Amino acid sequence: MKEQSKIKRYQRIYEQIKQLIEATDNPASRMATINAILHHKMTDFYWTGFYELVNGELLVSAYQGPVACLKLKKDTGVCWAGINRKETVVVPNVHEFSGHIACSSATNSEIVVPVFNQDKEVIAVLDVDSKEFNTFDEIDKQELEKIVALIYS
């Protein structure tokens, strides 16, 4: 997807999500809506979902795609990297990421975006997997961060 086309698609998705989530300020409902729209509008998103921090454990929440790992081993994998670094992690090739948790052998690239609450604490991550290598770039990072920020806006 060309850069300008990708940016415009994200901008349309952002506006759609922004309108839809006005119906409630419930974070779980907003995550479910964001997740469904992204999964069905972005062609390379093979698995799209949220993992939430619950009592120090990282548990799967709303998602679209094949069955997920229900609980991710602490401080292992891309999702925990996003939480521990408090920043988005883009992985062009998951097979080269030390400690990668392979919930699906079809996944080849991944992006993880932390979700911050009103107190600027990481409470979850948006996790997106692709079957293709090198799917995610700086545009995905910036645009997904804007979308995820809507959860607590």
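Residues numbered from 1 in each chain as written. Predicted model: local features only at pLDDT ≥ 70, side-chain atom pairs only at ≥ 80, totals over all residues. Heavy atoms only, no water.

The next point concerns the overall build of the protein chain. Helices and strands together make up the secondary structure of the protein chain, namely 4 helices and 6 strands. Secondary structure elements in the protein chain, listed N-terminal to C-terminal, are α-α-β-β-β-α-β-β-β-α. For the protein chain, the C-alpha radius of gyration of 14 Å lies close to 15 Å, the compact-globule estimate for 153 residues. Here the C-alpha coordinates of the protein chain stretch approximately 40 × 40 × 25 Å along the principal axes. When burial is assessed residue by residue, the protein chain has 44% of its 153 residues classed as buried. Accessible surface computed for the protein chain: about 8,000 Å², of which carbon and sulfur atoms make up 47%. For the protein chain, the separation between the mean place of its 17 positive charges and that of its 21 negative charges on side chains is 3 Å. (Helix = DSSP H or I, 4+ residues; strand = E, 2+ residues; numbered from the N terminus. Rg over C-alpha atoms; globule rule 2.2 N^0.38 Å. Buried < 20%, exposed > 50% of the residue type's maximum accessible area, 1.4 Å probe, protein only. Areas by Shrake-Rupley, 256 points an atom, 1.4 Å probe, with all protein chains shown as cover. Lys, Arg positive; Asp, Glu negative; His and termini not counted. Charge placed at Lys NZ, Arg CZ, Asp CG, Glu CD.)

The next thing to look at is the sheet that holds strand β3 (residues 71-72). Note on sheets: strands pair through backbone hydrogen bonds, and any given pair is parallel or antiparallel. Read across the sheet, 6 strands follow the order β3-β2-β1-β6-β5-β4 without closing on themselves; strand pairing throughout is antiparallel. Two strands bound the open sheet, and with one partner strand each, they are β3 and β4 (89-91). Summarising the sheet, strand β5 (residues 109-116) and strand β6 (residues 122-130) pair through 8 bridges and their orientation is antiparallel. Residue pairing in the sheet places Ile-111 in a bridge with Val-128 of β6. Here helix α3 (residues 77-85) sits on the sheet in contact with β1 (47-54), β2 (57-64), β3, β4, β5 and β6, set at roughly 40° to β5. Sheet contacts for helix α4 (residues 138-149): β4, β5 and β6; angle to β5, the most-contacted strand, approximately 35°. (Pairing = 2+ DSSP bridges. Contact = heavy atoms within 4.5 Å. Axes fitted to C-alpha atoms, helices over the stretch in contact; angles between N-to-C directions.)

This paragraph deals with empty space enclosed by the protein. Applying the stated criterion to the full structure yields 1 cavity of 30 Å³ or more. One number sums up the size of the largest cavity: a volume of about 180 Å³. Taken together, 19 residues form the lining of the largest cavity, with Tyr-51, Ile-101, Cys-103, Asp-127 and Asp-129 sitting closest to its centre. When contributions to the lining of the largest cavity are tallied by element, the ones reaching two or more residues are β1, α3 and β6. Considering each element in turn, the lining of the largest cavity owes the most residues, 3 residues, to α3. (1 Å grid on protein atoms, 1.4 Å probe; cavity = no way out; pocket = protein on both sides within 12 Å on 5 of 7 lines; lining within 4 Å. Points joined across faces, edges and corners; volume = space filled by probe spheres on them.)

A word on the environment of Glu-52. Within the secondary structure layout, Glu-52 lies in strand β1. Judged by relative accessible area, which is 24%, Glu-52 ranks as partly exposed. Distance in space between the C-alpha atoms of Glu-52 and Val-125 is 6.5 Å, their sequence separation being 73 residues. For Glu-52, the side chain forms a polar contact with the side chain of Ser-61, separated by 2.6 Å. (Polar contact = N/O pair within 3.5 Å; in protein donor to acceptor, adjacent residues only side chain to side chain.)

Moving on: the pattern of salt bridges. It is possible for side chains of opposite charge to pair when their charged atoms get near one another. Taken as a whole and assessed by the stated rule, the structure comprises 5 salt bridges. We note a salt bridge from Lys-71 to Glu-57, for which the minimum N-O separation is 2.8 Å. One end of the pair, Lys-71, is in strand β3; the other, Glu-57, is in strand β2, with 14 residues separating them in the sequence. What makes Lys-71 exposed here is its relative accessible area of 52%. Judged by its relative accessible area of 33%, Glu-57 falls in the partly exposed class. The closest approach of N and O atoms between Lys-146 and Glu-143, which form a salt bridge, is 3.3 Å. Of the two residues, Lys-146 and Glu-143 are both situated in helix α4; the distance of 3 residues between them amounts to about one turn of the helix. Note on Lys-146: relative accessible area 44%, which makes it partly exposed. On the basis of relative accessibility, which here comes to 7%, the residue Glu-143 falls in the buried class. Several salt bridges converge on common partners, so that one network encompasses Lys-6, Asp-137 and Asp-140. (Salt bridge = Lys/Arg side-chain N within 4 Å of Asp/Glu carboxyl O.)

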